[in-house]
Amino acid sequence: MINITFPDGSVRQFPKGTTAFEIASSISPRLASEILAATVNSKIFEINRPIIEDATLKLHKWDDQEAKSTFWHSSSHLMAEALELLYPGIKFGIGPAIETGFYYDVDSGEKNITEADLKNIEDKMLELAREKQSFVRREVSKEEAMKTYTQKGDEYKCELIRDLEDGTISFYTNGTFTDLCRGPHLADTSVIKAVKLTSIAGAYWRGNENNKMLTRIYGVTFPQKKLLDEYLVMLEEAKKRDHRKIGKELELFAFSQRVGQGLPLWLPKGAMLRERLENFLKALQKKHGYLPVITPHIGQKELYVTSGHYAKYGKDSFQPIHTPQEGEEFLLKPMNCPHHCEIYKTKPRSYKDMPLRLAEFGTVYRYEQSGELHGLTRVRGFTQDDAHIFCRPDQIKEEFIKVIDIVLYIFKTLDFKDYTAQISLRDPNNREKYIGSDENWNKAEAAIIEASAEKGLKTVVELGEAAFYGPKLDFMVRDAIGRKWQLGTIQVDYNLPERFELEYIGADDKRHRPVMIHRAPFGSMERFVAVLIEHTGGKFPLWLSPEQAVILPVSEKYNDYAKKVVDILNNADIRASIDDRNETIGKKIRENELKRVPFLLIVGEKEADNGTISVRKQGDGDKGAMTVDDFRQMIESEIKQQIE
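A brief look at the structure comes next. Predicted, not measured: the structure shown is a model, and the values here were computed from it. All chains use their own residue numbering, which begins from 1 and follows the written sequence. Only residues with pLDDT of 70 or above have their local features reported here, since the model is predicted, and side-chain atom pairs are shown and tallied only from 80 upward, although totals for entire chains, interfaces and linings are computed over all residues. Hydrogens and water molecules were not included; the side-chain quantities draw on all heavy atoms of the structure.

This brings us to the nonpolar core. Buried Ala, Val, Leu, Ile, Met, Phe, Trp, Tyr and Cys residues form a nonpolar core when they are joined through side-chain atoms within 4.5 Å. Each residue's exposure class comes from its accessible area (1.4 Å probe, protein chains only) as a fraction of the maximum for that residue type: buried when under 20%, exposed when over 50%, partly exposed otherwise. Within the largest apolar cluster, 76 residues are counted, with the highest numbers of intra-cluster contacts made by Leu277, Ile410, Leu473 and Phe631. Under the scheme used here, helices are H or I runs from DSSP no shorter than 4 residues and strands are E runs no shorter than 2 residues, and both carry numbers assigned from the N terminus. No other element matches helix α13 (residues 396-413), which puts nine residues into this core. Residue contacts for Ile410: discarding those within four places in its chain leaves Phe280, Leu281, Leu284, Pro521, Phe522 and Phe528. Core analysis: the second largest hydrophobic core is formed by 40 residues, Tyr104, Leu118, Ile121 and Leu186 among them. We call two residues in contact whenever any of their non-hydrogen atoms come within 4.5 Å of each other.

Looking now at the side chain of Thr215. If you trace the backbone, Thr215 turns up in strand β13 (residues 213-222). For Thr215, a relative accessible area of 16% gives the class buried. Leave out the neighbours within four places in its chain, and Thr215 touches Tyr104, Asp105, Val106, Ile200 and Ala201.

Here the focus is the packing of helix α9 (residues 268-287) against α13. Each axis is a line fitted through C-alpha atoms, and for a helix only the stretch in contact is used; angles between axes span 0 to 180 degrees, taken between their N-to-C directions. With their axes 11 Å apart at the nearest point, α9 and α13 run at an angle of 140° to one another. Between α9 and α13 lies a crossing whose hand is right-handed. Packed against α9, whose contacting residues are Phe280, Leu281 and Leu284, the element α13 presents Ile406, Tyr409, Ile410 and Thr413 at the interface. Side-chain classes follow a simple rule in which Ala, Val, Leu, Ile, Met, Phe, Trp, Tyr, Cys and Pro form the nonpolar group, Asp, Glu, Lys and Arg form the charged group, and the remainder, Gly included, forms the polar group. Residues that form the contact of α9 with α13 fall into these classes: six nonpolar, one polar and no charged. Handedness of a crossing is defined here by the sense of rotation of the near helix relative to the far one, left-handed for an anticlockwise turn of less than a right angle and right-handed for a clockwise turn.

Quick look at the pattern of salt bridges now. A side chain of one charge can pair with a side chain of the opposite charge when the charged atoms of the two come close. Here, a salt bridge means any Lys or Arg side-chain nitrogen found within 4 Å of an Asp or Glu carboxyl oxygen. The final tally for this structure, using the stated rule, is 49 salt bridges. Among the ionic pairs, Lys301 bridges to Glu329, the shortest N-O distance being 3.4 Å. One end of the pair, Lys301, is in helix α10 (residues 301-307); the other, Glu329, is in strand β19 (residues 329-332), and 28 residues separate them in sequence. Relative accessible area serves as the criterion here: at 24%, Lys301 is assigned to the partly exposed category. Two residues, Glu368 and Arg378, come together in a salt bridge whose shortest N-O distance is 3.1 Å. In this pair, Glu368 is assigned in the loop between β20 (356-365) and β21 (381-391) and Arg378 in the loop between β20 and β21, connecting sequence segments ten residues apart. A relative accessible area of 33% means that Arg378 is categorised as partly exposed. Via salt bridges that share partners, Asp579, Arg581, Glu583, Lys587 and Glu591 belong to a single interconnected network.

Sheet strands line up and pair through hydrogen bonds in the backbone, either parallel or antiparallel. When DSSP finds at least two bridges between two strands, those strands are taken to pair. With respect to topology, three strands assemble into an open sheet ordered β17-β19-β18, the strand pairing being antiparallel. The sheet is open, and its two edges are formed by β17 (298-300) and β18 (321-322), each paired on a single side. Sheet topology note: the β17/β19 ladder contains three bridges and is antiparallel. Within β19, the position partnered with Ile298 by the bridge is Leu332.

Two elements in contact, α9 and helix α16 (residues 525-536), have axes separated by 11 Å at closest approach and are oriented at 110°. In this view, α9 runs roughly perpendicular relative to α16, as classed from their interaxial angle. Of α16, the residues touching α9 (which contributes Leu273, Arg274, Leu277 and Glu278) are Met525, Glu526, Phe528, Val529 and Leu532. In what follows, roughly perpendicular refers to angles from 65 to 115 degrees, roughly parallel to angles under 35, roughly antiparallel to angles over 145, and oblique to any angle outside these ranges.

Moving on: the packing of aromatic side chains. Between 30 and 60 degrees the pair is tilted, below 30 it is stacked and above 60 it is edge-to-face, where a pair is any two Phe, Tyr or Trp rings, Trp via its six-membered ring, whose centres lie within 6.5 Å. One pass over the structure, following the stated rule, counts 22 aromatic pairs. Judged by centre distance (5.3 Å) and plane angle (70°), the ring pair of Phe92 and Tyr104 falls under edge-to-face. You can see Phe92 sitting in strand β6 (residues 91-92) and its partner Tyr104 sitting in strand β8 (residues 101-107), a full twelve residues away along the chain. For Tyr104, a relative accessible area of 1% corresponds to the buried category. Between the aromatic rings of Tyr149 and Phe171, the centroid separation amounts to 5.7 Å while the plane-to-plane angle is 85°, which identifies the pairing as edge-to-face. Of this pair, Tyr149 sits in helix α5 (residues 142-152) while Phe171 is found in strand β10 (residues 169-174), placing the two residues 22 residues apart along the sequence.

Glancing now at unusual backbone geometry. Geometrically, the link from Gly183 to Pro184 is a cis peptide bond, its omega value of -5° lying close to zero. When you line up the elements, Pro184 lands in the loop between β11 (177-180) and β12 (194-204). Of note in this structure, Glu501 is not a glycine but carries a positive phi near 55°. Within the fold, Glu501 resides in the loop between α15 (495-499) and β26 (504-505). If you check the backbone angles, Arg596 has positive phi at about 60° while not being a glycine. Summarising the element assignment, Arg596 is placed in the loop between α18 (585-594) and β31 (599-603). With a relative accessible area of 15%, Arg596 lands in the buried category.

Taken together, the eight strands give an open sheet; going across it, the order is β16-β20-β21-β28-β25-β24-β22-β23, and neighbouring strands pair in mixed fashion. Strands with a single pairing partner mark the edges of an open sheet, and in this sheet they are β16 (291-292) and β23 (459-463). Pairing geometry for β21 and strand β28 (residues 515-520), over five bridges, is antiparallel. In the strand pairing of β28, Cys391 is matched with Val515. Where helix α12 (residues 337-344) meets the sheet, it contacts β20, β21 and β28, and its direction lies at approximately 35° from that of β21. Taken strand by strand, α16 contacts β20, β21 and β25 (484-493), and its axis lies near 145° from that of β25.

The buried count for β31 comes to five of five residues, which makes it a mostly enclosed element. Residues of β31 alternate between two faces, with Phe599, Leu601 and Val603 on one and Leu600 and Ile602 on the opposite face, all of them buried. Here five bridges tie strand β29 (residues 549-553) to β31, and the two strands are oriented parallel to one another. Following the sheet pairing, Pro553 is matched in β31 by Val603. In this sheet, strand β32 (residues 612-617) lies alongside β31 in antiparallel orientation, the contact comprising four bridges. Its bridge partner lying in β32, Phe599 is registered against Lys617.

What follows is the structure, encoded as C-alpha cells:
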C-alpha cells in the first residue's frame, strides 16, 4: 500500500500502482469524469499513470492551468497526427503548450501550408479526436530514439535527441502518430470537443536566424463548444484593444525601420502619458524614501562579467562596442543593477545607512530575434522602473512588504483588480543554472513566502521560474477581458552583493554583506503602457490621459472664445486643445470621441454670451452647461478620487 496525501492534509492508503483516475473515482464518479491531469509529488502526471510510491496528490480540472497545459500539449500532438495524414513526409520541430493554447513548428517541404488550409486541418483533428485515441507512453533508449527518427528522415527530432541523456527519453503515441516527448498528456482524445487553429507564422528552428525557417501553426482547443465560442468573442475584443492599433490611432508611439526594429519612438502624446506614469511613481517612491540615480546606457564588459549578466545575456545580446583603444570593450547595458552596485560602493556604508533605496528609470537593451518582436510588449530597448534596496538581513521582510504595498497601490489606482502573486523559486532538479549558495537561496525564498503570507496575497508557487540570481515575486494580472499579464516583480538577491563584494560596518564594528532587493512595479514602461492600453481600450483614467479635454467651437466666430477657455484650462494644469477645423460640430464630436478624449467642450453663441461651456463626457453623454471654473473643479475632484 502507498500513502496519498491530499491538498487538505488528509491521508488515505491505496494499492501501489493506483492511478489518479482511480483515486478520483473512489471519491466521486463526477470528479473522475472532470479531471484532466494530476500533480504527483510536484510533477504533472497523466491521470492513468501508475503511482508507485507515497505521494502528495492534487487533481486538476479544466480551470487549473496544469489541466489546460496538459490538454493543449495533447492537442498539439493531435494536430501533428492530422498534419502527417494530410501532408505525408512532413517533419516536426517542437510542439509545446503555451499560455493561450499550443503551436507546432513544422517543415512541410514543397507544400506551403496557408491560412486557407486551417479549416481542413481542424476538421481532421475533430475526426481523430472522436476516435478516442489513447496517449500511450513508452520509454526508449537514446539509440532506439535516434534510429527511429533517422529512418523517418526527421533531422529536427534527431537534433533534439542528440541533446538528451540516455535513460530520460520517452515516446508518446496517439493513433498513427508517435512523437518524442516528456509528457504529460490526456488519457485519450475524446475530451477534445472544439478546435480552432488561430494563425500561421514563420519561426526559425530553435530560434536561430541561421537555421531554416519553419511554419509555426498556432491553435487552441476546448472540452466544450461554448468555451470556444466565448474565446472567439474574446479574440474579437482583443483585436479592438490591440495596443499597436490603438497606439497608432491615438498617436502614442511609432516604429521606424531606419531607427531599427524593436526600438519604439514615443510621439508627443505617448511621451506625455509615459511622463505622467513616471511622475506618479516618482512621487510615490519619494514618500517611501527612495533616492534617484542616473546611470549610463553602456558599461565596460568586465562590469557584466562580474555581475553574471554577460554569461546570461552575452551570447544573445548586442555585440560589444570596441573603442579605438585596443582591448577596450563596452556593452549596451542589459540590466541596471550592476551600475547600482557600483553606486553603493562609492563610499563606506554603515548599518545606520540601511536600507539604502536607489531608484532609476533606466533604459536597457537586449537583442530579441526579429520574429519575437511584438509592438511594445517585446522590444530591444526598454526602460525599467528599476530600484534596488540595499538592506540588512533583518530588514528584508519589512522592506519586501513595503514594496508589495507600492505595487498594490499602483494596481488599485489603475484599476487592476484581478491579480495573483506568483512565488518563483528554483528548479530543485536543475540548480546548475543558478548562482549562489543553497543557504542564501533558502533564506531568500523563506523571506518571500513569509512576506506574501503576511500581506494575505493570493499566491501560486512556480518551481524553476526564479531569476538566475535569486527567487522573486511576480504579479500576474488579468485585464478587462480576462487575459493574464506579468506586471511588477520583486526579487531578493544575496548573490550580487557577494559578486561585487558589497559591505557595511555593523553595530559590532565588523564588516557585513548587505542583501539586495530588486524591484520594478511597472516592469518596463513599454510593456506596462501596452498592457494599460489593452486593459482600458485606450480610455485612460482622467489623470493619465494625454489630452483631457478638447474645445469644439460650433463655427469660426467662436474661436476666440474657445481660445480663452483653453488658456484658462491650461493655466489650471488641465490638458486641453481646440479643434477649430472647418467641419460640422457633429463630425468633430464623432471624431474626437473615437480618439477617446475624456471631455468634449462645445462653445457657441449661448456659451460665449454666458461665459459657459457645454460638456460631453466620454461614455456618459451630455453633462449640460457649466462655467469654466465649475468644470475645472469637477476635473480636479475626479482626478483626486482616482489617485488617492
